[in-house]
Amino acid sequence: MKPLRVAGNVAELPSTVFGARSLMWWATLGMMVIEGWTLALLVVSYLYLRQDFASWPPLRTPHPSLVVPTTNLVLMFVSCVPAYMSARSAKQFDTVRVRRWLVVFSIIVVAITVVRWWELWALNTRWDTNAYGSAAWTIVGLHTTLLALDVADTVGLTLLFFIRELPAKMYTDTNDNSFYWYFSVAVWIPIYLIVYVGPRIF
Amino acid sequence: MTSSQREPMLPAETTLSEEEVAREAAALDRVWAGRPGFWGWLTAVDHKSIGKRYLVTTFAMFLAGGILAAFMRTQLMRPENTVLGPDRYNQVFTVHGTTMMFLFAVPVMTAMGIYFVPLMVGARNIAFPRANAFGYWTYFVGVVFLYVSLIANTGPDTGWFAYVPLSGPQYSPGHRVDVWAQLVTFTEIAALIAAVNVIVTVFKLRSPGMSLNRLPLFVWAQLVVSFMIVFAMPAVAAGSTLMLGLDRTVNSHWFNPAEGGDALLWQHIFWFFGHPEVYIIFLPALGFITPIVETFARRKVFGYTALVMSNITTAFFAFGLWVHHMFATPIPELGQSLFTAASMVIAIPTGVQIFCWLATLWAGRAELRVPLLFVLGFIFTFVIGGISGVMLASVAFDKQAHDTFFVVAHLHYVLLGGGVMPLFGAFYFWFPKITGRMLDETLGKLHFWLFVIGVNVTFFPMHVLGLEGMPRRVYTYLASTGWGSLNLVATLGAYTIALSVIVFLVNAIRSWWGGEVAGANPWNSSGLEWATTSPPPPYNFVHVPVTTSRHPLWDTTVELPVLSGLRTDRREVLVTTTFDARPDYRHEDPAPSIWPLYLALCMGLTFIGGIFSPYLVVVGLALTLPGLFGLAWQSITNHRGPDHVDAPQALAETA
């Protein structure tokens, strides 16, 4: 092997960074792309099936209700506040505020996931009624798995912050947890418009 | 952080003595060593350990798929043969195709990336080692699941692309197709994890100085293919795991025309994945070729930029070809013309690459060692497959040849010529790096000639059989068809391929135990993977290499520049900036862990259980939670502080 020549030293570099500099941020982004693309393909398939029907929803299938889905959409927008505040507190390494905002964030994420149950039934059809019902249930159901992951991540992180003092990288994880939540909310907006509002338009 | 926990500052431009390197290596050996024994094997997170077991398992799948192929060829070697009945034959050809596509070809290519990308970019490990281990175990659960099902006479039997309505609940009751749908789930999860891992490793763990225009072409191919996996695999996830799986288990109607479903939707969604899949296999193989050609031509490759652009262009076009699998369905004529044109255009970037390699060989002094022989075998065989591909791109011809043995001939020429031949070349080329031993050259040449002859004798007659009208996927035929002689020739060719693979196996096993010792760089090659010992230590490089050119070992004639300063009391890797690869921060790498295996088993329970009862899905997911918590807890308890926070960045972002 060739002899080695030291051209510099990296000992002064930080060991904890936030955002796009951090490896975990990139992993989170990868998950978002994969999940977002899967949802997009399902939505395209939903619209592909639309071509085979004279009316949408099909005859004798009522339109989706809008009250529960719209309420949950508003809740999702509101949830971005604790998400943002927990991330901001994490960047300041302010443990007290991180704990406080994570508790608020956990409560609202769990609430949104619970409301999702009624949101599914607000489709006013079943998955086994016809292809329209199958497509709508599959799309909303897949997004529900994102919410379930958010619940596990946020509640788990909150518990860890109360159990013991955590290393700096967990503050980075708190920031990335919020990053993922913004995605879960953002990707829901077109789904809400297409699956719940769309049948009244097309 | 106290100064004692950091390596003492070395003045820049210091040449390291052998004693200094050995002292650093001894400290790293202690920190990076895996756990001993069987427990250590179960908990390994080193990308080389995972890569090696991926390679061994995928090769075992190549053998298993090959044995099934030998059964099929034996059945077809004469008319009205009785080796396999129609039901068993359906399972055998389905599991053969499924194994070769999902359990061998794609994972073996990602396995090469998992093993070599970190070494080639000068990193100490892959970006997410525990996710990497989880991906392997998930894949392994799929392997066991498929073959246990086949042995239990529950092997899938509707072909490797499982067209509906045949694969739907009405025409395929029972669990055979469920096995296929869930197997695909396991392999897609494993592939997606490997893809994200490779992308982040390439973007964030490159050696300082390795800007994107200095990236080795092997790594470029892996990067491009990883992006293809990210956008192709979700299609089959949506199609098989969700749509087909739900139609079969909870009576949804995605593909049921009686309730407004659409059977053609399956073909669109499957081939939107399935056609890029061919290039997901083919592009990494092209990545193997450049370093082999460079090394044995003793010349830097001709047309680096053209090769990179060809890679990217091929990937782009690969997503615009899927409808050419559906020319026999009622697709509008304009659509047919568009996809015909796209299917022909994609031959251009592939042609550019082949001409670049030929130019490199022409201008160099080619040394005909076994890896280069396989590259030449690739060019010869793949060009035949490429030409039959251009023929099939024509709608009029495709409608004649559709579902005949002509298609079987074409796809095997492309996949064996374009995928497996470069792969064998790569095995011969990088085997010394993985094992520290050389493969035997004489046995290698015997393997090469038997394989090339076998492939052509097996598959060339199938073109003729297809043109004569022999349909694919038939378990027998009548003597009056006149197809007996060519089928016998094809079967003798298949036995020749089997013999060549046995020669390779003997060579590999013999050489692994007692082959010639290789040394760090036995081929005098130029990439960073040859700058470390063979096999490499768990941390790959004692010091982080600095890259100053595309061919670091050829262009740095005296000393290899490196960076010092990573801690030796914990597993630390250097993260660099995305485009310019400037040193950015020191990341703590995770310790060995049992949780990836635990989570993969929970995943297995969730998806396999879901075939039988939705309650088992709930049980599987519930068991997953402690695993996720365990991963996080391990990160916290294994952490060796204190942390060095980039306070200016954190404060700036919250200001």
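Residues numbered from 1 in each chain as written. Chains lettered and ligands numbered in written order. Predicted model: local features only at pLDDT ≥ 70, side-chain atom pairs only at ≥ 80, totals over all residues.

**Considerations on the overall build of chain A**
Part 1 of the reasoning: When helices and strands are tallied, chain A shows five helices and one strand.
Part 2 of the reasoning: What you see for chain A is a C-alpha radius of gyration of 21 Å, clearly larger than the 17 Å of a compact globule of 202 residues, by over 25%.
Part 3 of the reasoning: Seen through its principal axes, chain A has C-alpha atoms that stretch 75 × 50 × 25 Å.
Part 4 of the reasoning: Residues counted as buried form 46% of the 202 residues belonging to chain A.
Part 5 of the reasoning: Counting only contacts in chain A whose residues sit at least 6 apart along the sequence, the fraction spanning at least 24 positions is 80%. (Helix = DSSP H or I, 4+ residues; strand = E, 2+ residues; numbered from the N terminus. Rg over C-alpha atoms; globule rule 2.2 N^0.38 Å. Buried ≥ 20, exposed ≤ 12 C-beta atoms within 10 Å, placed from the backbone. Contact = placed C-beta atoms within 7 Å.)

**A look at the sheet that holds strand 3 (residues 560-564) of chain B**
Part 1 of the reasoning: Taking strand neighbours across the sheet as the criterion, the four strands line up as 1(B)-1(A)-3(B)-2(B) in an open arrangement whose pairing is mixed. Each edge of the open sheet carries a strand with a single partner, namely strand 1 (14-15) and strand 2 (544-545) of chain B.
Part 2 of the reasoning: In this sheet, strand 3 of chain B lies alongside strand 2 of chain B in antiparallel orientation, the contact comprising two bridges. Looking at strand 3 of chain B, one finds that B:Val544 is bridged to B:Leu563. (Pairing = 2+ DSSP bridges.)

**Description of the packing of helix 4 (residues 131-163) of chain A against helix 19 (residues 614-637) of chain B**
Part 1 of the reasoning: Two elements in contact, helix 4 of chain A and helix 19 of chain B, have axes whose closest approach is 11 Å; the angle formed by their N-to-C orientations is 45°. In terms of orientation, helix 4 of chain A lies oblique with respect to helix 19 of chain B. The handedness of the crossing between helix 4 of chain A and helix 19 of chain B is right-handed. Residues A:Ala152, A:Gly156 and A:Leu160 of helix 4 of chain A pack against B:Leu625, B:Leu628, B:Phe629, B:Ala632 and B:Ile636 of helix 19 of chain B.
Part 2 of the reasoning: For the contact of helix 4 of chain A with helix 19 of chain B, the residue count by class is seven nonpolar, one polar and no charged. (Axes fitted to C-alpha atoms, helices over the stretch in contact; angles between N-to-C directions. Parallel < 35°, antiparallel > 145°, perpendicular 65-115°, else oblique. Left-handed = near helix turned anticlockwise from the far one by under 90°. Nonpolar A, V, L, I, M, F, W, Y, C, P; charged D, E, K, R; others polar.)

**A word on unusual backbone geometry**
Part 1 of the reasoning: Cis geometry is found at the peptide bond from A:Trp56 to A:Pro57, where omega equals 5°.
Part 2 of the reasoning: Assignment of secondary structure puts A:Pro57 in the loop between helix 1 (23-50) and helix 2 (67-91).
Part 3 of the reasoning: In this model, B:Val164 is joined to B:Pro165 through a cis peptide bond whose omega is 5°.
Part 4 of the reasoning: Mapped onto the elements, B:Pro165 comes out in the loop between helix 5 (129-151) and helix 6 (176-204).
Part 5 of the reasoning: For B:Asn540, which is not a glycine, the phi torsion comes out positive at approximately 65°.
Part 6 of the reasoning: Although it is not a glycine, B:Ala581 adopts a positive phi angle of roughly 55°.
Part 7 of the reasoning: Considering the arrangement of structural elements, one finds B:Ala581 in the loop between strand 4 (572-576) and strand 5 (583-588).
Part 8 of the reasoning: Residue classification places B:Ala581 among the buried residues on the basis of 25 C-beta atoms within 10 Å.

**A word on the interface of chain A and chain B**
Part 1 of the reasoning: Each partner contributes residues to the interface: chain A has 52 residues there, and chain B has 74 residues.
Part 2 of the reasoning: For the side of chain A that touches chain B, the secondary structure elements donating two or more residues are strand 1 (4-9), helix 1, helix 2, helix 4 and helix 5 (168-201) of chain A.
Part 3 of the reasoning: Ranked by residue count, the leading element in the side of chain A that touches chain B is helix 1 of chain A, at 13 residues.
Part 4 of the reasoning: Here the side of chain A that touches chain B is built from residues that sort into 33 nonpolar, 12 polar and seven charged.
Part 5 of the reasoning: Alignment of strand 1 of chain A against strand 3 of chain B, held across five bridges, turns out to be parallel. Following the sheet pairing, A:Arg5 is matched in strand 3 of chain B by B:Pro561.

**Topic: the packing of helix 2 of chain A against helix 3 (residues 95-121) of chain A**
Residue and element names in this part refer to chain A.
Part 1 of the reasoning: Contact pair helix 2 / helix 3: the axes reach a minimum separation of 9 Å and the direction vectors enclose 160°. Judged by the inter-axis angle, helix 2 sits roughly antiparallel to helix 3. Like other packed secondary-structure pairs, helix 2 and helix 3 cross with a definite hand, here left-handed.

**Digging into the environment of A:Leu42**
Residues and elements named next belong to chain A.
Part 1 of the reasoning: Tracing the chain through its elements places Leu42 in helix 1.
Part 2 of the reasoning: Its 28 C-beta neighbours within 10 Å are what place Leu42 among the buried residues.
Part 3 of the reasoning: Between the C-alpha atoms of Leu42 and Leu142, which are 100 residues apart in sequence, the distance is 9.4 Å.

**Considering the confidence of the model for chain B**
All names here are of chain B.
Part 1 of the reasoning: Looking at chain B as a whole, the pLDDT averages 93, with 96% of positions reaching at least 70.
Part 2 of the reasoning: Within the model, pLDDT remains below 50 along residues 1-10, and this stretch shows 17 contacts once partners closer than five positions in the same chain are excluded.
Part 3 of the reasoning: Per the prediction output, this complex has pTM 0.95; the corresponding ipTM is 0.95. (pLDDT = per-residue confidence, 0-100.)

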